[in-house]
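Below, each chain spelled out in residue letters.
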Amino acid sequence: MAPGVFVPRRRTEFLVAQALAHAPGARLVVDLCCGTGAVGAALAEALEGPEVHAADVDPAAAACARGNLAPYGGRVHTGDLYEALPGSLRGRIDVLAANVPYVPSDEVALLPAEAREHEPRTALDGGADGLDVLRRVAAGAPDWLAPGGCLLVETSERQAPEALAVFRGPACGPGWRCPRSCTPMW
């Protein structure tokens, strides 16, 4: 952990468990919107020596993740979603886990003080309906996933039907439909 960096909650363990269930032999793992890098570290710990990359738009988060992923040889990139990743990862990712910001903008003020006052707004605010970043992740995923790769995201139970529609709809790219392993998590 580090001051001003998003700390994943216990519910994020479900995202990690689902990633392991869907891709137990994953060789290349990417943790987008990584915050502390906890998802990438948990996957690195559970899998047999995967190549791990993580990315966050917040430089403080990326610095924190670097420290947490260093024991696994993880590489951390600073920048906006896929723009931060090396092009050599395109079409090769077995597990793409993204703990995207998913709180609707007008509900950020309603969050508990521990989140609202100590975590960056960019790690919480998902836009008007909370799904802006999720849509961007879904739209870019087909170019980055390996054949049979899986994309897992965290969202709220209330948002799950709309999030699932994003993965089944045109936001994921022309002709791309949600594969069985592409699972929105809530």
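Keep in mind the model is a prediction, meaning the values are calculated, not measured.

Q: What should I look at first to understand the packing of helix H5 (residues 132–144) against helix H6 (residues 160–168) in this one?
A: Where H5 contacts H6, the axes come no closer than 9 Å and their chain directions differ by 25 degrees. As judged from the angle between their axes, H5 and H6 are roughly parallel. Relative to H6, the crossing made by H5 is right-handed. The residues of H6 that touch H5, namely those facing Leu134, Arg135 and Ala138, are Glu162, Ala163, Val166 and Phe167. In terms of residue class, the contact of H5 with H6 is made up of five nonpolar, no polar and two charged.

Q: When you look at the environment of phenylalanine 167 in this model, what are you seeing that I'm missing?
A: Position of phenylalanine 167 relative to the elements: it lies in helix H6. Classification of phenylalanine 167 by relative accessible area gives buried; the value is 0%. Counting along the chain gives 33 residues from phenylalanine 167 to leucine 134, while the straight-line C-alpha distance between them is 9.3 Å.

Q: Explanation requested: the nonpolar core in the structure shown.
A: A general trend in soluble globular proteins is that nonpolar side chains are found buried together. Counting residues in hydrophobic clusters, the biggest one holds 27 residues, and the most contacted among them are Leu32, Tyr82, Leu85, Ile93, Leu96 and Val137. Where this core is concerned, the elements lending two or more residues are strand E1 (28–32), strand E4 (93–98), H5, strand E5 (145–154) and H6. The element best represented in this core is H5, accounting for six residues. Excluding residues within four positions of it along the chain, valine 137 makes contact with Leu32, Leu81, Tyr82, Ala98, Val100 and Leu151.

The rules behind the values
Residues numbered from 1 in each chain as written. Predicted model: local features only at pLDDT ≥ 70, side-chain atom pairs only at ≥ 80, totals over all residues. Heavy atoms only, no water. Axes fitted to C-alpha atoms, helices over the stretch in contact; angles between N-to-C directions. Helix = DSSP H or I, 4+ residues; strand = E, 2+ residues; numbered from the N terminus. Parallel < 35°, antiparallel > 145°, perpendicular 65-115°, else oblique. Left-handed = near helix turned anticlockwise from the far one by under 90°. Contact = heavy atoms within 4.5 Å. Nonpolar A, V, L, I, M, F, W, Y, C, P; charged D, E, K, R; others polar. Buried < 20%, exposed > 50% of the residue type's maximum accessible area, 1.4 Å probe, protein only. Core = buried A, V, L, I, M, F, W, Y, C linked by side-chain atoms within 4.5 Å.

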